[in-house]
Amino acid sequence: MVGDGGSYPDAEFVLKVQFVTVTSIENKVIGLYARPLNIDGTSDAPTPTTTYAEKYIGSFVLQASAASTDQYLTVFAEGLPKEAEYYLYNLSGQTITAGWTLKVTPRTYKAS
Amino acid sequence: MSSLLLMPGGKRPPEQTQHNVPIDHEGLGKGIQLLLNPALGPIDIATGRAWTVGGDVKVEDVTRGKIFKYPGVDGDLHYTGYPEISGTVGTFFIWCPTVGPKDDWGHGIFGEAATTFFLAHQFGQFYHMGSESDRIFSWFNGTNKSLVCSSANATGAGLKVYQNGEDTGMLFSAAPTPWSSGAKTLTIGRNPGFGTVHDFNGTIRLVGYTKEVWGKAEAAAFHVNPWRIFKTRTRKLWVASVASTEHNLTIANGALANAAAILAISQIHAIAVANTSIANSASTLAVSQVHSLAMANGTLSNAAGTVTISQGAAITLAIAGIAISNSAASLALSQEHILALSTGTIANSAAVLSLSQVHALSIYSAGISNLAGTVALESSDVTLTIYSATIENSTDSVAITITLNSQWAEEASISSVWTLDSARTTTWS
């Protein structure tokens, strides 16, 4: 995603997610990380791993929802990289059901 | 047109931030190497590392955000890594809404294995990077506690512990144990070298480590508002356009002439003082007001002529009957005069204005005692009548002298009735 290609340095991320098993997921989080791209010509930052996180963006804090029920979570982020890939780090202790979506709405301050 | 107002210097977060706010690396957040805010889960804000939640520790919602809750049985937060944390210089800090009772051997708060640890011992001593304090301090069973442990160098003298922003005064004789080089397992809320006898019991609002050495000022600031670690956000305010309505600031036809003269704008204010009460005071009460003087069509002609002032009042002078006693003393005649002037007109003249009046003077039954003095009556137009004057017998002559003005002498009619006595002499002149 080109974060601020149109002068949008901030963004609001929305994650739709559900779990088959929701045991003890309340207040646990799914971390959102960025991997800056094209930071030196066409070279990118390293891909995040469990022991390496290039840029932490925010946390989606989970609700104790019912099993197999979508919950929509948001993260407001400031000062995003100019261009980046975004990664999720599941710290809920449960498996996320396939079909999750991550949407982003770039934001900036200008005339409405 | 719309306007964007950038307002730097906004307030720092007054309460727990619920999203990833930048750390103030130029302020209290300088040198931060580890920072955990439970509102974002067990993820280190400074590095993005996701810590492991062990045992019964969990994140809970509370009135003013979220906390890490440690039931005090068996749990911790830990992570293996952090090669950048090394040596002995740095500061550990933690803010706890609640601190519960001690575990078997106290509270292991932060540390690495059984060497470099921060621990409140069950007997009250405190271990700062493994160095034991010279005295005890109060840690267990309290609310809203902050703890700041700084190490300035590799000696025990460089160790300080601040609780709730105040220096505890504890001294440490042993040198601190430096952090292991390379990756190490850091633990929050437990002393990993001693099993489950040092489990922390309480809640944590914010916890972290910095390579800076905090003093009393930093410890106090942290205690008052731990969110000072985060950056002040620039506030951006928009004045947005709505349809054809614009909210712009316009100066209409403002012209400033280049002039050295002073421009004065004055205005007269009406001051109304309604029923004021003035207290007894040495100060001066000043009430000022500008009065407007109105003159309606006043015409003053240039004239050298006289000005006539007339008055129509009548003045009457009356004299009531008076008694004049026979006395050698001077005769004083007093009377209130009423002078009536009928519509008198006084011309503008250099002449002396005289006012004359004819007085009628009557003397009745005057008893004149025998005196050597002279009684003189003078009048320009007098009718003198003497009735029944009694003149006592005296060896001296009694002289009555009437002097008439020569111009009236011939016309004067003098009548008298005398009882002559040979022994007396009457002299006329």
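Keep in mind that what you see is a predicted model, and the values were worked out from it rather than measured. Position labels on residues start from 1 in each chain and follow its written sequence. Chain labels run from A onward and ligand labels from 1 onward, assigned in the order the entries are written. In keeping with the model being predicted, local features are shown solely for residues with a pLDDT of at least 70 and side-chain atom pairs are shown and tallied solely at 80 or more, while totals for entire chains, interfaces and linings include all residues.

1. A look at the overall build of chain A
Stated formally: A run of H or I in DSSP counts as a helix once it spans at least four residues, and a run of E counts as a strand once it spans at least two, with each numbered from the N terminus. Counting other C-beta atoms within 10 Å of a residue's own tells you its class, since 20 or more makes it buried, 12 or fewer makes it exposed, and anything in between is partly exposed; those C-beta atoms are placed from the backbone. Think of it this way: build a C-beta for each residue from its backbone, and any pair within 7 Å is a contact.
When its secondary structure is counted, chain A shows zero helices and six strands. Along chain A, from the amino end to the carboxyl end, the secondary structure elements read β-β-β-β-β-β. For chain A, the proportion of its 112 residues judged to be buried stands at 29%. Put simply, of all contacts in chain A between residues at least 6 apart along the chain, 77% involve residues at least 24 apart.

2. Side note on the overall build of chain B
Helices and strands together make up the secondary structure of chain B, namely two helices and 18 strands. Counting only residues that meet the buried cut, chain B has 26% of its 429 residues in that class.

3. What about the sheet that holds strand 8 (residues 106-112) of chain B?
All names here are of chain B. Under the convention used in this document: The pairing criterion for strands is at least two bridges between them, as found by DSSP. Throughout, an axis means a line fitted to C-alpha atoms (over the contacting stretch in the case of helices), and angles, computed between N-to-C directions, take values from 0 to 180 degrees.
Strands sit in the order 3-6-15-8-9-10-11 across an open sheet of seven strands; the sheet is antiparallel. Edge positions in the open sheet fall to strand 3 (52-55) and strand 11 (131-136), since each of these has one partner strand only. Ignoring which end each strand starts from, the neighbouring axes of this sheet average 25° apart. Note that strand 8 and strand 9 (residues 116-121) share six bridges and pair antiparallel. Residue pairing for strand 9: His107 is matched across the bridge by Ala120.

4. Re helix 1 (residues 216-224) of chain B
Within an α-helix, residues lying three or four positions from one another point in the same direction, as the helix has 3.6 residues per turn. All names here are of chain B. Let me state the cut-off plainly: For this quantity, the arc is that covered by the directions from the helix axis to the C-beta atoms.
Taken together, the buried positions of helix 1 are Glu218, Ala219, Phe222 and His223. Projected onto a plane normal to the axis of helix 1, the buried residues spread over an arc of 135° and lie on a single side. Away from its buried face by more than 90 degrees, helix 1 exposes Ala217 and Val224. Those residues of helix 1 that are buried lie in contact with strand 7 (90-99), strand 12 (142-151) and strand 13 (159-163).

5. Quick word on the interface of chain A and chain B
The following threshold applies: Under the convention adopted here, Pro, Cys and the residues Ala, Val, Leu, Ile, Met, Phe, Trp and Tyr are nonpolar, Asp, Glu, Lys and Arg are charged, and Gly plus all remaining residues are polar.
At the interface, 23 residues of chain A touch 24 residues of chain B. Ranked by residue count, the leading element in the side of chain A that touches chain B is strand 3 (residues 55-61) of chain A, at six residues. Classifying every residue of the side of chain A that touches chain B by side-chain character gives 13 nonpolar, seven polar and three charged.

6. A few points about the pairing of strand 1 (residues 10-17) of chain A
Residues and elements named next belong to chain A. A one-sided burial pattern is seen for strand 1, the buried positions being Ala11, Phe13, Leu15 and Val17 and the unburied ones Asp10, Glu12, Val14 and Lys16. Alignment of strand 1 against strand 6 (residues 101-107), held across seven bridges, turns out to be antiparallel. Looking at strand 6, one finds that Ala11 is bridged to Pro106. Across seven bridges, strand 1 lies against strand 4 (residues 71-77) in antiparallel orientation. By the bridge assignment for strand 4, Leu15 is matched with Leu73.

7. Points about the nonpolar core
What counts, and what does not: Take the buried Ala, Val, Leu, Ile, Met, Phe, Trp, Tyr and Cys residues, join any whose C-beta atoms are within 7 Å, and the set you get is a nonpolar core.
Within the largest apolar cluster, 80 residues are counted, with the highest numbers of intra-cluster contacts made by A:Val29, A:Phe60, B:Leu35, B:Ile94, B:Phe118 and B:Val148. With six residues, strand 7 of chain B is the single largest residue contributor to this core. B:Val148 has contacts with B:Thr91, B:Phe93, B:Tyr162, B:Trp214, B:Ala219 and B:Phe222, leaving out every residue within four places of it along the chain.

8. Quick word on the confidence of the model for chain A
Atom-level detail of predicted coordinates should not be read off regions where pLDDT is low. Definition in use: pLDDT expresses how confident the predictor is about each individual residue, on a scale running from 0 to 100.
Looking at chain A, the pLDDT average stands at 89 and 91% of residues meet or exceed 70. Taking the mean pLDDT of every element in chain A, the minimum, 90, falls on strand 6 of chain A and the maximum, 95, on strand 3 of chain A.

9. Examining the environment of B:Tyr209
Residue and element names in this part refer to chain B. Along the chain, Tyr209 turns up in strand 17 (residues 206-210). Taking C-alpha positions, Tyr209 is 6.6 Å from Leu35, a pair spaced 174 residues apart along the chain. Leave out the neighbours within four places in its chain, and Tyr209 touches Gln33, Leu34, Ile85, Gly90 and Phe92.

10. Points about the environment of A:Asp44
If you trace the backbone, A:Asp44 turns up in the loop between strand 2 (29-36) and strand 3. Separated by 40 residues in the primary sequence, A:Asp44 and A:Ala84 place their C-alpha atoms 8.6 Å from one another.

11. Some thoughts on the sheet that holds strand 3 of chain A
All names here are of chain A. If you trace the three strands from one edge of the open sheet to the other, you get 3-2-5, paired in antiparallel fashion. Strand pairing shows two members of the sheet lacking a second neighbour, strand 3 and strand 5 (84-90), which therefore form its edges. Taking the axes of each pair of neighbouring strands and ignoring which way they run, one obtains an average angle of 25° across the sheet. Here strand 2 runs beside strand 3; their pairing, made up of six bridges, is antiparallel. Bridge pairing in strand 3 places Ala34 opposite Lys55.

12. Here we look at unusual backbone geometry
Residue and element names in this part refer to chain B. The phi angle at Met129 is positive, at roughly 50°, despite the residue not being glycine. Note on Met129: 26 C-beta atoms within 10 Å, which makes it buried. The residue Asn144 is not glycine, and still its phi comes out positive at about 50°. When you line up the elements, Asn144 lands in strand 12. We classify Asn144 as exposed; it has 12 C-beta atoms within 10 Å.

13. So, the confidence of the model for chain B
All names here are of chain B. Scored by pLDDT, chain B has a mean of 71; 51% of the residues are at 70 or more. In the model, residues 290-303 has pLDDT below 50 throughout and makes one contact with residues more than four positions away in sequence or in other chains. Interface predicted TM-score (ipTM) for the complex: 0.86; the corresponding pTM is 0.62.

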